2 protein chains.
Amino acid sequence: MLLVLLFFVFVALLFALIQLIFIVKKEKGAKDIQKISKNIEKGALTFLSREYQVIAIFLLVISILIGIFNVRFMISFLLGSFFSLSAGNLGMRIATKNNARTTNAASKSLEEAFKIAYFSGLVASIFAVSFGILGIILVGFLFEIKALYFFAFGASLVALFMRVGGGIFTKSADIGADLTGKIEAKIPEDDPRNPAVIADLVGDNVGDITGMGSDLFESFVSSIVAAIAIAVSFFKSIYTPLIIPSLGLVVSIPISYFFMKIKDVHKKLLSIFISTAILLSLFSFFLFEKNLAWCVVLGLLAGIFIGWNTNYFTAFNLPPTKKIVEASKKGTALNIIYGIANGMLSAIFPVVVIALIILLSFWLAGLYGIAISAVGMLSLVTVVFASDVYGSITDNAAGISEFCRLKEARKRAELLDEAGNTTAAIGKGFAIGSAALTSLALLATYLMAAKKPFLNIADAGNIAGLFIGVVIPFLFSSLALKAVVSGAEKIVENVRKQFKNAKILQGKLEPDYEECIKITTSSALSSLVLPGIVVIVMPFIIGFLLGKEALGSFLVGSIASSFLLAFFMANAGASFDNAKKYVEIFEKKKEKFYEAVIVGDTVGDPLKDTAGPSLNILIKLMCIISLLFVILF
Amino acid sequence: MLLVLLFFVFVALLFALIQLIFIVKKEKGAKDIQKISKNIEKGALTFLSREYQVIAIFLLVISILIGIFNVRFMISFLLGSFFSLSAGNLGMRIATKNNARTTNAASKSLEEAFKIAYFSGLVASIFAVSFGILGIILVGFLFEIKALYFFAFGASLVALFMRVGGGIFTKSADIGADLTGKIEAKIPEDDPRNPAVIADLVGDNVGDITGMGSDLFESFVSSIVAAIAIAVSFFKSIYTPLIIPSLGLVVSIPISYFFMKIKDVHKKLLSIFISTAILLSLFSFFLFEKNLAWCVVLGLLAGIFIGWNTNYFTAFNLPPTKKIVEASKKGTALNIIYGIANGMLSAIFPVVVIALIILLSFWLAGLYGIAISAVGMLSLVTVVFASDVYGSITDNAAGISEFCRLKEARKRAELLDEAGNTTAAIGKGFAIGSAALTSLALLATYLMAAKKPFLNIADAGNIAGLFIGVVIPFLFSSLALKAVVSGAEKIVENVRKQFKNAKILQGKLEPDYEECIKITTSSALSSLVLPGIVVIVMPFIIGFLLGKEALGSFLVGSIASSFLLAFFMANAGASFDNAKKYVEIFEKKKEKFYEAVIVGDTVGDPLKDTAGPSLNILIKLMCIISLLFVILF
């Protein structure tokens, strides 16, 4: 069985390497394209290397603390963080190297540009998923099952910093650039005269690739680890949780090739998603007993439903977003209120669906069923992350072509980017849903490890724990949002200062791009520490003061509220974004209410790209830490 | 004991009648003052009478359904709704009759105006609280203890419609008036040329008086009923839960007189609050055993802490709100994001404090302790509601004096109104906190009636129930916010249409005020039905499909999320409001960012006055319905 799994991973990695060689042979384009692409890469690497320093401190302190108890656990922890960091770093390099090639291809052909962007994404995704599977096999073989928790912990801790740090960076830069460029100076997006424009493009990479990648990597690893742990205690095969994701990895390659024929970009991406899900469902009925196969299918269905729900509430051609546009015609405030209300409504259905999945998969196969549903959902991760990286590359390509004044390339890149936005929104929903299911699986593992089959919330201590748990996602979101505001304020100040030199806006003098990157970097990194400490410390406080049962209730409260809040923020943000796009496409830009939709878009930015996604990590990490709390003490 | 209680109520009512006679003798002022005051009263009564028709249908259907099971329960239910309706109606009449007197007094003396407004509020409050106590005694004597639940249910159902309907009315009118008046036509607030101005003033009354009044009335009644029910099953005196609130009623009168000497309006109101709390704490140590007295003190302390917390995060001269102003200087969107972040942060502390209160009061006296803490907190209700009505009267007085171009009166009325805003914000926090404690007490009663001493959320059905419970407040808020947007949109359309006649803006032609009142009324009432049905039906669905234990978990989830969301929305809204006030007072109105704070204020309006407060009713009502579900089936 193990050999089959390793063979799958080997095939996928081989394909990725060959594909990479093909892509590297493509032309990089004119000098100015290459120059800005280099600048983006340099900026992203500067940010990452400074972020690594912060992470290193946390890794050092925590690994010493773990090492005191158990050296093997410490090694697993370090391996988990190392694999996650490598996957992110590699993905980022692949993306920033190929945005130039995509731009260059886009000046000639839509299909060629799509292929470069999508297969770059797929290669990055295959590396990440393979690293996850290999890491689990390695640690599982070298050490005991419990060491896997520490592998997951390492991945989780890295994800915290990557997701939150990247999220704060990307939105501080984006908002700063928009407020000064689009609103104050009335110059277009991605205009080279704007000093914050490179920081903004860097942000797309550190937010959507290293941030999103580490998030999905962690969900992927943790859901498998939780399922293995439950499998062990119910005397089931420990390979079952590894089979479906490995199949998802391999299957994504032929499916991607097969659907390259479809012309429409949207349809192409969606077909890849859905065919992968169907194929994986069929396989699981061949491979597993019926009840388990149904759990896999439930997980896949939940993933698809959540995607559909996100699309319905956020797509710019559907009623909910159109109504935001209507409201904006009567005033900026109504635009915001309606968007908030729309986001709230959109969050309801995914939570109810997850509640149903819990009921059904528990009925089918007990706690193990819930874990297998999570794994089933995450077996889609290869295609989801591939299209996420694709989105970030095409977004960069659109930016670069505007920057280099390549009109034809800009048009095509925008078309590709627009399709990427839809899949990015779906991917975000998928990340939230999978984080929730993963956390529930981890919670089940926690309860087993703590030997607490009951969590009685009709008890004062436990209900207090639950209430405090519900609060934490609000605290975390508040800190993340404040960090974005303070970063954006600094960017606004700097850009206003640079614009005082009239030559910059006239296009006669190149602005100081690096200064903006520096400001955003240090602002994002300094805002990272407090939320990081909160997440790590809270489970210990609750566990020591109120006991293990209250800690379980605390986790339930956190999962419930964070999950809901994350969907609310992600979807509200995406619908604000698309309301703006609707106005740009179908209404006249000079209308008064264009400013209203821009304000909405900006409000939505940190909701959907900073605070919302950060919550995914929050709950998974707190669940893992609680698990360690039980094992270590 | 009963006679002592009745004596207390009698004394308070007697005082209220005498005071009313005194107030009625005051001059009503010039004809134009009287005319607009009449208009406000007429508008409010029109809205109320149409709202009564909607309520009547619900009352009829539900009382028939209850009557099938038990006629005494049906009578109790009708009595509960009748007492609540009468208290609200009386309060509204007192307020709308005396806003003219307050305006007239304000043109001469600040103190005189304060006295009229405050004592009108106190009289209205005494009527409401007395009705509550008398109703409980009446039903408790006529029928059995269980009938009291139906009394509370009646009060709760009325509160739902009053709070939600009033909330939608007041903010649709307010936002519609602001968007067209302040932003589009650039005329001042409360300007008589604005067709929506009277609707806005009517809104203050139906939102803050009948809405807030019925909310507090319900909390008050339900917390006492829950405490009596628990007292009965633990063989404690059923009078204990009635004593402290009755004392609170009587004590408020001399304290109010005593502090009239203080000049500063803020200090005057705060001194009344705090002295009442101190006096009640002292009394409870004389009257009850030590542990119970501490529970009362804990409830009072929680009330005061929540007030302090609200004040800190929302007062315009303190750092959190000042930072919103700073953010607005860099862009409208940053203003909104920072306000949201501030609201989220502010919600954390009250929830943690309530968690502590649960722990401590349970430790002191078990479930009964939690119920007594709720009663203790609500014994402040007389002064809280009095200052709430005061705020609405002074707000109206400020509006009327602007309307009648009385400069001196306007200045004084604004001063009074400003102090009223602080106490209104504190009162809102108090209403949320007391709703949470009341719901917990009701939940405890539910668990006793359902004979479920355990709520195991490590069970698939129960965790599913909890997740769905967490979702409901988001659904409810979304519906409320959408209703406000659609009402405001209609007002904007109507005002834009009226403004097409240039004579209106020139002040040569009186606009059609009534049309705006009609539009808001029908919009508010038609939006009322769906959320009403959701609240009533949900507990039955969960109870039938998932069972009584899952219903308990559902309630816990709802209480936790609604409570947090309510604080978030109330405080975010209040801080947006005060950021705008800060700019109006300390910065130049013509600054660019003035528009940013107006947008923030408008976004905050339905959060703090519609969606936020509606959640109070939501959770109390769902708890009561679940209780009935257990008793009736």
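Structure: above.
A brief structural summary. (Residues numbered from 1 in each chain as written. Chains lettered and ligands numbered in written order. Predicted model: local features only at pLDDT ≥ 70, side-chain atom pairs only at ≥ 80, totals over all residues. Heavy atoms only, no water.)

1. Brief notes about the overall build of chain A
Next, step 1: Counting its secondary structure elements, chain A contains 19 helices and zero strands.
Next, step 2: Computed over the C-alpha atoms, the radius of gyration of chain A is 23 Å, within 12% of the 26 Å expected from 2.2 N^0.38 for a compact globule of 633 residues.
Next, step 3: C-alpha atoms of chain A, sized along the principal axes, occupy 70 × 50 × 45 Å.
Next, step 4: In chain A, which comprises 633 residues, the share counted as buried stands at 70%. (Helix = DSSP H or I, 4+ residues; strand = E, 2+ residues; numbered from the N terminus. Rg over C-alpha atoms; globule rule 2.2 N^0.38 Å. Buried < 20%, exposed > 50% of the residue type's maximum accessible area, 1.4 Å probe, protein only.)

2. Looking at empty space enclosed by the protein
All names here are of chain B.
Next, step 1: All chains considered together, the criterion is met by eleven cavities of 30 Å³ or more.
Next, step 2: Residue lining of the largest cavity: Ala-177, Asp-178, Gly-181, Lys-182, Pro-188, Glu-189, Asp-190, Asp-191, Asn-194, Val-197 and Asp-200, and that is the complete set.
Next, step 3: Only α5 (146-185) and α6 (197-233) provide two or more residues apiece to the lining of the largest cavity.
Next, step 4: Counting residues per element, the lining of the largest cavity draws most heavily on α5, at four residues. (1 Å grid on protein atoms, 1.4 Å probe; cavity = no way out; pocket = protein on both sides within 12 Å on 5 of 7 lines; lining within 4 Å. Points joined across faces, edges and corners; volume = space filled by probe spheres on them.)

3. Details of the pattern of salt bridges
Next, step 1: Here the structure, examined in full by the defined rule, presents 56 salt bridges over all chains.
Next, step 2: Of the charged contacts in the structure, one is a salt bridge between Asp-577 of chain A and Lys-581 of chain A, with a shortest N-O distance of 3.5 Å. With Asp-577 of chain A and Lys-581 of chain A both in helix α18 (residues 548-586) and four residues apart, this pair spans about one turn of that helix.
Next, step 3: Where Lys-620 of chain B meets Glu-218 of chain B, a salt bridge forms, and the shortest distance between an N and an O atom there is 3.3 Å. With Lys-620 of chain B in helix α19 (residues 593-632) and Glu-218 of chain B in helix α6, this pair connects stretches of sequence that are 402 residues apart. Considered together, Lys-620 of chain B and Glu-218 of chain B belong to a single accessibility category, that of buried residues.
Next, step 4: Linked by salt bridges that have partners in common, Lys-171, Asp-174, Lys-428, Asp-577, Lys-581, Asp-605, Lys-608 and Asp-609 of chain A make up one network. (Salt bridge = Lys/Arg side-chain N within 4 Å of Asp/Glu carboxyl O.)

4. Thoughts on the packing of aromatic side chains
Next, step 1: Here the structure, examined in full by the defined rule, presents 54 aromatic pairs over all chains.
Next, step 2: Where Phe-58 of chain A meets Phe-161 of chain A, the ring centres are 4.7 Å apart and the plane angle is 55°; that geometry is what we call tilted. Of this pair, Phe-58 of chain A sits in helix α2 (residues 31-69) while Phe-161 of chain A sits in helix α5 (residues 146-185), and the two are 103 residues apart along the sequence. The same class applies to Phe-58 of chain A and to Phe-161 of chain A, which are both buried.
Next, step 3: Plain terms: the ring middles of Phe-82 of chain A and Phe-83 of chain A are 6.3 Å apart, the flat faces sit at 90° to each other, and that makes the pair edge-to-face.
Next, step 4: Under the relative-accessibility criterion, Phe-82 of chain A is labelled exposed at 55%.
Next, step 5: By relative accessible area, Phe-83 of chain A is classed as buried at 14%.
Next, step 6: Taken together, Phe-15, Phe-114, Tyr-118, Phe-119, Tyr-257 and Tyr-390 of chain A form an aromatic cluster joined through their ring pairs.
Next, step 7: Positioned above the aromatic ring of Phe-114 of chain A is the side chain of Lys-268 of chain A, whose terminal nitrogen or guanidinium carbon lies 4.1 Å from the ring centre.
Next, step 8: Taking NZ or CZ as reference, Lys-25 of chain B lies 6.0 Å from the ring centre of Phe-22 of chain B, over its face. (Phe/Tyr/Trp six-rings, centres within 6.5 Å; stacked < 30°, edge-to-face > 60°. Lys NZ or Arg CZ within 6 Å of the ring centre and 35° of its normal.)

5. A short note on a nonpolar patch on the surface
All names here are of chain A.
Next, step 1: Taken together, the side chains of Leu-270, Ile-274, Ile-278, Leu-279, Leu-282, Phe-283, Phe-286, Leu-287 and Ile-304 present a nonpolar region at the surface, about 820 Å² in accessible area.
Next, step 2: Examining the composition of the nonpolar patch, we find that eight residues originate from one element, helix α8 (residues 265-287), more than from any other.
Next, step 3: Within the secondary structure layout, Phe-286 lies in helix α8.
Next, step 4: For Phe-286, a relative accessible area of 74% corresponds to the exposed category. (Patch = residues over 30% accessible without salt bridge, like charges linked within 9 Å, V, L, I, M, F, W, Y side chains within 5 Å. Areas by Shrake-Rupley, 256 points an atom, 1.4 Å probe, with all protein chains shown as cover.)

6. Things to note about the relation of the copies chain A and chain B
Next, step 1: Note on the identical chains: chain A maps onto chain B by a rotation of 180° and an axial translation of 0.0 Å, with an RMSD of 0.0 Å. Expressed as an axis order, the relation between the two copies is that of a two-fold axis. Distance from the rotation axis, computed per C-alpha, reaches its smallest value in chain A at Asn-456 of chain A: 2.3 Å.
Next, step 2: Both copies share a contact surface, since 100% of the interface residues of chain A are interface residues in chain B too. (Least-squares fit on C-alpha atoms with pLDDT ≥ 70 in both. Contact = heavy atoms within 4.5 Å.)

7. A few points about the interface of chain A and chain B
Next, step 1: Contacts between the two partners involve 70 residues from chain A, matched on the other side by 70 residues from chain B.
Next, step 2: Between chain A and chain B the total buried area reaches about 6,300 Å² when both faces are included, carbon and sulfur atoms providing 85% of it.
Next, step 3: Looking only at chain A, the three residues that lose the most surface to chain B are Lys-330, Phe-467 and Phe-474 of chain A, adding up to 12% of its buried area.
Next, step 4: At the junction of chain A with chain B, the criterion picks out two salt bridges.
Next, step 5: Between Lys-330 of chain B and Glu-493 of chain A there is a salt bridge, with the nearest N and O atoms lying 3.0 Å from each other.
Next, step 6: When contributions to the side of chain A that touches chain B are tallied by element, the ones reaching two or more residues are α5, α10 (319-328), α11 (332-378), α13 (407-449), α14 (460-499), α18 and α19 (593-632) of chain A.
Next, step 7: If you tally residues by element for the side of chain A that touches chain B, the top one is α14 of chain A, at 21 residues. (Buried area = accessible area lost by both parts, 1.4 Å probe.)

8. Side note on the packing of helix α18 (residues 548-586) of chain B against α19 of chain B
Residue and element names in this part refer to chain B.
Next, step 1: The N-to-C vectors of α18 and α19 enclose an angle of 155°; their axes lie 7 Å apart at closest approach. It follows from the interaxial angle that α18 and α19 lie roughly antiparallel. In this structure, the crossing between α18 and α19 has a hand that is left-handed.
Next, step 2: Looking at side-chain class alone, the contact of α18 with α19 contains 23 nonpolar, eight polar and six charged residues. (Axes fitted to C-alpha atoms, helices over the stretch in contact; angles between N-to-C directions. Parallel < 35°, antiparallel > 145°, perpendicular 65-115°, else oblique. Left-handed = near helix turned anticlockwise from the far one by under 90°. Nonpolar A, V, L, I, M, F, W, Y, C, P; charged D, E, K, R; others polar.)

9. Comments concerning the nonpolar core
Next, step 1: Within the largest apolar cluster, 522 residues are counted, with the highest numbers of intra-cluster contacts made by Tyr-118 and Phe-467 of chain A together with Tyr-118 and Phe-467 of chain B.
Next, step 2: Once residues within four sequence positions are removed from consideration, Tyr-118 of chain A is found in contact with Ser-256, Met-260, Leu-269, Ile-272, Val-383, Ala-386 and Tyr-390 of chain A. (Core = buried A, V, L, I, M, F, W, Y, C linked by side-chain atoms within 4.5 Å.)

10. Regarding the side chain of Asn-309 of chain A
Residue and element names in this part refer to chain A.
Next, step 1: Tracing the backbone through its elements, the reader meets Asn-309 in helix α9 (residues 290-314).
Next, step 2: Judged by relative accessible area, Asn-309 falls into the buried class, the value being 1%.
Next, step 3: Here Ser-346 takes part through its backbone oxygen, which lies 3.0 Å from a polar atom of the side chain of Asn-309.
Next, step 4: In this structure, Asn-309 is in contact with Ser-346, Phe-349, Pro-350 and Asn-571, ignoring residues within four places of it in sequence. (Polar contact = N/O pair within 3.5 Å; in protein donor to acceptor, adjacent residues only side chain to side chain.)

11. A closer look at the packing of helix α4 (residues 110-142) of chain A against α13 of chain A
All names here are of chain A.
Next, step 1: Following both chains from N to C, one finds α4 and α13 inclined at 50°, their axes separated by 10 Å at the closest point. Put simply, α4 runs oblique to α13. The chirality of how α4 crosses α13 is right-handed. Note on element contacts: α13 touches α4 through Arg-412, Leu-415 and Leu-416, opposite Leu-110, Ala-113 and Phe-114.
Next, step 2: Residue composition of the contact of α4 with α13, by class: five nonpolar, no polar and one charged.

12. Some remarks on unusual backbone geometry
Residues and elements named next belong to chain B.
Next, step 1: Although it is not a glycine, Lys-186 sits at a positive phi angle of roughly 55°.
Next, step 2: The residue Lys-186 is located in the loop between α5 and α6 in this model.
Next, step 3: A relative accessible area of 61% places Lys-186 in the exposed class.
Next, step 4: Although it is not a glycine, Arg-405 adopts a positive phi angle of roughly 55°.
Next, step 5: In this fold, Arg-405 is placed in the loop between α12 (381-403) and α13 (407-449).

13. As for the environment of Ala-365 of chain B
Next, step 1: By the secondary structure assignment, Ala-365 of chain B is in helix α11 (residues 332-378).
Next, step 2: Sequence separation between Ala-365 of chain B and Asn-291 of chain B is 74 residues, and the spatial gap between their C-alpha atoms is 6.5 Å.

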